[in-house]
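These are the residues of each chain, in order.
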Amino acid sequence: MALHFEPEEFAARRDRLMMVMAEQKLDAVLLFAQESMYWLTGYDTFGFCFFQCLVVKADGSNVLMTRSADLRQARQTSNIENIIVWADRDNANPAADLRELLNDLDLLGCRIGIEYQTHGLTAANGRKLDEQLTAFGQLVDISGIVDKLRVLKSPAEIVFSRKAAELSDEALDAALKLVKAGADEGAILAAMQSAIFAGGGDYPANEFIIGSGEDALLCRYKSGRRKLTKNDQLTLEWAGVYRHYHAPMMRTVLTSKASKRHQELYDAAHEALEAVEAAMTPDFTFGDVFDAHAKVMEAHELTRHRLNACGYSVGARFTPSWMDMPMFYSGNPERIQPDMTLFAHMIIMDSESNTAMTLGRTYLTTNGQAEPLSRQSLDLIVK
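Note that the coordinates shown come from a computational prediction; the quantities given were computed from them, not determined experimentally. (Residues numbered from 1 in each chain as written. Predicted model: local features only at pLDDT ≥ 70, side-chain atom pairs only at ≥ 80, totals over all residues. Heavy atoms only, no water.)

Undergrad: Explain the overall build of the protein chain here, please?
TA: Tallying secondary structure elements over the protein chain gives 10 helices and 15 strands in all. Once the C-alpha set of the protein chain is aligned to its principal axes, its extents read approximately 70 × 45 × 35 Å. Here the protein chain holds 383 residues, and 55% of them are scored as buried. Here the contacts in the protein chain between residues at least 6 apart in sequence split such that 68% fall between residues at least 24 apart. Each charge class in the protein chain was averaged separately, 39 positive and 52 negative side chains, and the resulting centres sit 4 Å apart. (Helix = DSSP H or I, 4+ residues; strand = E, 2+ residues; numbered from the N terminus. Buried < 20%, exposed > 50% of the residue type's maximum accessible area, 1.4 Å probe, protein only. Contact = heavy atoms within 4.5 Å. Lys, Arg positive; Asp, Glu negative; His and termini not counted. Charge placed at Lys NZ, Arg CZ, Asp CG, Glu CD.)

Undergrad: When you look at the environment of Ala135 in this model, what are you seeing that I'm missing?
TA: You can see Ala135 is positioned in the loop between α5 (123-133) and β6 (138-141). In this structure, the C-alpha to C-alpha distance between Ala135 and Arg16, residues 119 residues apart in sequence, is 29 Å.

Undergrad: Please explain the packing of helix α4 (residues 94-104) against α5 as it appears in this structure.
TA: When two helices pack together, you describe them by how their axes are tilted relative to each other and by the distance separating the axes. Running from amino to carboxyl end, α4 crosses α5 at an angle of 40°, the nearest separation of the two axes being 8 Å. Here α5 runs oblique to α4, going by the angle between their axes. The two elements α4 and α5 meet at a crossing, and its hand is right-handed. Of the residues in α5, those touching α4 at Ala95, Ala96, Leu98, Arg99 and Leu102 are Lys128, Leu129, Gln132 and Leu133. A class-by-class count of the residues in the contact of α4 with α5 yields six nonpolar, one polar and two charged. (Axes fitted to C-alpha atoms, helices over the stretch in contact; angles between N-to-C directions. Parallel < 35°, antiparallel > 145°, perpendicular 65-115°, else oblique. Left-handed = near helix turned anticlockwise from the far one by under 90°. Nonpolar A, V, L, I, M, F, W, Y, C, P; charged D, E, K, R; others polar.)

Undergrad: What is the right way to read the side chain of Ser321 from this model?
TA: Along the chain, the position of Ser321 falls in the loop between β10 (311-313) and β11 (324-327). A polar atom in the side chain of Ser321 sits 3.0 Å from the backbone nitrogen of Met323. Other than its neighbours up to four places away in sequence, Ser321 contacts Ala205 and Asn206. (Polar contact = N/O pair within 3.5 Å; in protein donor to acceptor, adjacent residues only side chain to side chain.)

Undergrad: For this particular structure, what's the right way to read helix α1 (residues 7-23)?
TA: It helps to recall that an α-helix has 3.6 residues per turn; residues three or four apart then point in one direction. Taking 1.5 Å per residue, 17 residues should reach 24 Å; α1 reaches 25 Å between its end C-alpha atoms and fits that length. If you check which residues of α1 are buried, you get Glu9, Phe10, Arg13, Leu17, Val20 and Met21. Seen from one end, α1 has its buried residues packed into an arc of 115°, which puts them on one side. Every exposed residue of α1 that faces more than 90 degrees away from the buried side is listed here: Pro7, Glu8, Met19, Ala22 and Glu23. Next to the buried residues of α1 lie β1 (28-31), α2 (34-41), β2 (53-57), α6 (145-150), α7 (155-176) and β9 (245-254). Phi turns positive one or two residues past the end of α1, at Lys25, with a value near 55°. (Expected span 1.5 Å × (residues − 1). Arc of directions from axis to C-beta.)

Undergrad: What is the right way to look at the pattern of salt bridges in this model?
TA: A side chain of one charge can pair with a side chain of the opposite charge if their charged atoms are brought near each other. All told, the structure shown has 19 salt bridges when counted by the stated rule. Arg150 serves as the salt-bridge partner of Asp147, at 3.1 Å between the closest nitrogen and oxygen. Taken together, the residues Asp147 and Arg150, both in helix α6 and three residues apart, mark about one turn of the helix. One salt-bridge network, in which partners are shared between bridges, spans Glu35, Asp147, Arg150, Arg317 and Asp324. (Salt bridge = Lys/Arg side-chain N within 4 Å of Asp/Glu carboxyl O.)

Undergrad: What's the story with unusual backbone geometry in this structure? I'm lost.
TA: Look at the link from Thr319 to Pro320: it is a cis peptide, with omega at 15°. Summarising the element assignment, Pro320 is placed in the loop between β10 and β11. A cis amide bond links Met325 with the next residue in sequence, Pro326, at an omega value of 0°. Inspection of the secondary structure puts Pro326 in strand β11. Located in the positive-phi region is Asp106, a residue other than glycine, with phi close to 60°. Within the fold, Asp106 resides in the loop between α4 and β5 (111-114). Within the chain, Arg243 stands out as a residue other than glycine whose phi angle is a positive 55°. By the element assignment, Arg243 lies in the loop between β8 (233-242) and β9.

Undergrad: What is the right way to look at the packing of aromatic side chains in this model?
TA: Given two aromatic rings, one states the distance between the centres and the angle between the planes to describe the pair. Taken as a whole and assessed by the stated rule, the structure comprises 12 aromatic pairs. A centroid spacing of 5.5 Å and a plane angle of 70° characterise the contact between Tyr38 and Phe318, whose relative ring orientation is edge-to-face. On the criterion of sequence distance, the pair formed by Tyr38 in helix α2 and Phe318 in the loop between β10 and β11 is long-range, its members being 280 residues apart. We classify Tyr38 as buried; its relative accessible area is 2%. Judged by relative accessible area, Phe318 falls into the buried class, the value being 5%. (Phe/Tyr/Trp six-rings, centres within 6.5 Å; stacked < 30°, edge-to-face > 60°.)

Remember that the coordinates give geometry; whether it matters functionally is a separate question.
Rendered as C-alpha cells:
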C-alpha cells in the first residue's frame, strides 16, 4: 500500500475522531470530504467528484462506498479493508445503495452525522441523501468535525509541511531566474511547477496565480499568457505541495524599477505582515490577526484597496482549493494554537493607479512566536 504515515498515526487520528463522536453521541458519521478520508485512512483519489462515502461507526470500524474505478485506488492508497462498490447504471441512486449499507450495519434509527459542507457532496447528491435517510435515523450536520481535528498538525504532518515549504522556495528561485522584460509568463509558470515536481512534490489543489500588467491585480488564475515588459509588475501565488500538504507563498515582482506607488504599497504590506506575525500566537484569535492587518492598512489609507481576509489554515487539501479553515477575517473567534500551519497574505490592489502589491508566506505556530517555513527574504523583488 502507498501509505504516507505509520499505522500508529492513523490509529491516533481514528481515536481522536471517536472521542468527538462519543462527545456528540454519534453512532456513525458519513464522511464525504476527500480531505477527511485522506487524513483518516490515507485514501488518495480525485474520484470524489462522484458519489462516495466513508462510513465510520462509533467503534472505529469503517466502510467505504465508492465506484468501481476507485476500488483498486482505495486498496492501494488506504488502510480501508471493507470497500463496497455501487454500480454505474441508468438512473442510478447511490444514496439508496448507501441506505441499504447503513441498514446492513445496524444503524437504522441511530444518530448519524453527515459532512454536508464539502465539495465531495454536491447539492443534488445531498438532496438524494436526505430523501433516503430522513426517515432512517436522526441526522446531524457535522460539517467541520474532521476539519477541526486536521487543523492541528502532528509531528509527521509538520515534516511534510516543511518539505512543501522547501519546494515553494525552490519554485520562486526557478521563477526569478526567468523574470525580466520579454519573459513569457508560460515559461515562468512551467519552471515553477517543474521545480516542485522535480523535488518530489504534487499537483496543487488549485491553479497557481500568475498575472502581469493589469492582470497583476487579479487574485485568481485565468487562462491566457503575456510577455513581461519593461517596468512591469508580476503577481505570483503558488504553493509547494508534498503528499498533498501545501505551503503557499505570494509575491509581486517588478521588472527594471519600483515606482513610487509600488514602494508605498510594499512598505504597507511588509509592515502589515510583521503585525500579523506578532499576533499569530496563542494569545490571540484569528480575528485578532486580521485586525492587526486591517489596522496597518487603515493607517496607510489603503482600506479600500485591501481584501476582507488575509490568510487561512493550510494542510492536506484536494481540488478545487488549497484554502482550509479557519481563516483570518474580522471577528473570527477561533484561537491560534500551537502546531497549526497558517498562510498569511497581504494583498493590496490599487485599481485607481493600476498598481498591485502582495506579500505572503506560510508559518508554523508555536507556544510563542510563529515560525516562517520559508527561507526566502521578504524584501521587495525588482529584476
